[in-house]
Amino acid sequence: MNDQLLIGTRKGLLMLRRDSAGAWNQESVHFLGEPVSMVLADPRDGALYAALNLGHFGVKLWRRRARNVEWEACAVPVYPPQPQPDPDPAQELAVPGVPIPAQTGDPVASAPPVPWSLQQIWSLETGGTDEPGVLWAGTLPGGLFRSGDGGASWALNRPLWDRPERSEWFGGGYDVPGIHSICVDPHDSRHVTVAVSCGGVWQTRDRGRNWACTASGMVADYMPPERREDGSIQDPHRLAQCAGHPHAMWVQHHGGIFRSGDAGMHWQRLHAKPSSFGFAVAAHPRRPNTAWFVPAVKDECRVPVDGKLVVTRTRDGGVSFEAFSEGLPAAPSYDLIYRHGLAVDHTGERLAMGSTTGSLWISENGGERWKLFSAHLPPIYCVRFA
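Everything numeric here is computed off the predicted structure, so don't read it as measured data.

Draft legend 1. Geometry of the overall build of the protein. Along the protein, the regular secondary structure elements total 2 helices and 28 strands. Here the protein has a C-alpha radius of gyration of 21 Å; the compact-globule value for 386 residues is 21 Å, and the two agree. Its C-alpha atoms give the protein principal-axis dimensions of about 75 × 45 × 40 Å. Within the protein, the proportion of its 386 residues that are buried is 54%. Restricting to contacts in the protein with at least 6 residues of sequence separation, those with at least 24 account for 50%. For the protein, the accessible surface area stands at approximately 17200 Å², while carbon and sulfur atoms represent 52% of it.

The following block contains the structure:
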């Protein structure tokens, strides 16, 4: 019924419930005081999952089975041993006491190797309805893991991890690359699309045995001109797919908004006002031309345009955009919405949005009007309807 809302915050997991009168109320709080980086409600069996990032104590994953009260610990993704790098010829020939000249050229090519160590579970999705128990997890530093037993065990997808292009992936919002978006095709669970910041969009059509970078049309304005269209260094901030029409996909990219009408094979750059920059995107579950975004000022600022928080919506595939602010704070407002801070339910009418400053809003009419639930929550990392 989508009458439950899960909110992952810096200080725990909040669960809200919508009553018969349409009001949202806090139902429970879990993992109080602990950062919850991702949550997932599995519609196939009713299980809930919560990923925690405990810093010095590492990453943890918890599961609560349907009709259970207690949470149980799951396994977390574990990387295989990292091979030793080849010796650096410059180091081998170095003269003691004489500094080695600094390297120049492409900063991507000279980036240090990414450590094979789990830093965060950044995305968590279920497999298809024909794959009971299958989960996908995207991590920092850019690993994609698959579980076939509801999180009891995980395996790194080596075909993607071993792609030679991965050596060019680099960090966007974090110091290392990360997989923040996973879209499983509702019509074909073998078809999985992931987005990497910064590493482009990748697709498999055989459950992860083979992968292709499909970022044609994307442009990375932050790169030198000769590399701006390279697929493997694009920075998609968030990828969303229309469940009813999975050929329609949307990306909120560092360089703007992009849309695909052919399942992510080709992308078209769109232009919105007040800005095409942002982090979050939500796709309508049935209407392939409708999606929502939260614009901001890019790069150093990363605040709402003119200090006014708005949500933009397109209903014509990005030809035009409407901006809505009713119920949202007027200027000056400096709320920013993280990648996973915007969600739409199965009806396409109800949305939830949480900010870095701990505010949570809910809309019951397609984002045209918003109602503040609370302005005093911890910073919100993700919101999802259950």
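Draft legend 2. Main features of the side chain of Ser275. Take Ser275: it is sitting in the loop between strand S19 (268-270) and strand S20 (278-283). One polar contact links the side chain of Ser275 to the main-chain amide nitrogen of Phe277, over a distance of 3.0 Å. Once residues within four sequence positions are removed from consideration, Ser275 is found in contact with Pro295, Ala296 and Val305.

Draft legend 3. Spatial organisation of the sheet that holds strand S21 (residues 291-295). Here we have 4 strands laid out as an open sheet, ordered S20-S21-S22-S23, and antiparallel in their pairing. Single-partner strands in this sheet number two, and they are S20 and strand S23 (322-324). Strand-to-strand, the axes of this sheet are offset by a mean angle of 25 degrees, without reference to chain direction. As defined by bridge partners, S20 adjoins S21 across 4 bridges and the pair is classed as antiparallel. When the bridges of S21 are listed, Ala282 appears paired with Trp292.

Draft legend 4. Structural view of the sheet that holds strand S18 (residues 256-260). Across the sheet, which stays open at both edges, the 4 strands sit in the order S16-S17-S18-S19 with antiparallel pairing between neighbours. For this open sheet the edge positions go to strand S16 (236-241) and S19, each flanked by a neighbour on one side alone. Adjacent strand axes in the sheet meet at a mean angle of 25 degrees, parallel and antiparallel pairs treated alike.

Draft legend 5. The arrangement of the pairing of strand S2 (residues 12-18) in detail. Of all 7 residues in S2, 5 are buried; the element is thus mostly enclosed. Where strand S1 (residues 4-9) lies against S2, 6 bridges are found, and the strand directions are antiparallel. Paired with Gln4 across the bridge in S2 is Arg17. Hairpin connection from S1 to S2: 2 residues lie between these consecutive antiparallel strands. The pairing of S2 with strand S3 (residues 24-30) spans 6 bridges and is classified as antiparallel. The partner of Leu14 across the bridge, within S3, is Val29. Counting the residues that bridge the hairpin from S2 to S3 gives 5 residues, and of these Gly22 lies at a positive phi of roughly 90 degrees.

Quick notes on the rules
Residues numbered from 1 in each chain as written. Predicted model: local features only at pLDDT ≥ 70, side-chain atom pairs only at ≥ 80, totals over all residues. Heavy atoms only, no water. Helix = DSSP H or I, 4+ residues; strand = E, 2+ residues; numbered from the N terminus. Rg over C-alpha atoms; globule rule 2.2 N^0.38 Å. Buried < 20%, exposed > 50% of the residue type's maximum accessible area, 1.4 Å probe, protein only. Contact = heavy atoms within 4.5 Å. Areas by Shrake-Rupley, 256 points an atom, 1.4 Å probe, with all protein chains shown as cover. Polar contact = N/O pair within 3.5 Å; in protein donor to acceptor, adjacent residues only side chain to side chain. Pairing = 2+ DSSP bridges. Axes fitted to C-alpha atoms, helices over the stretch in contact; angles between N-to-C directions.

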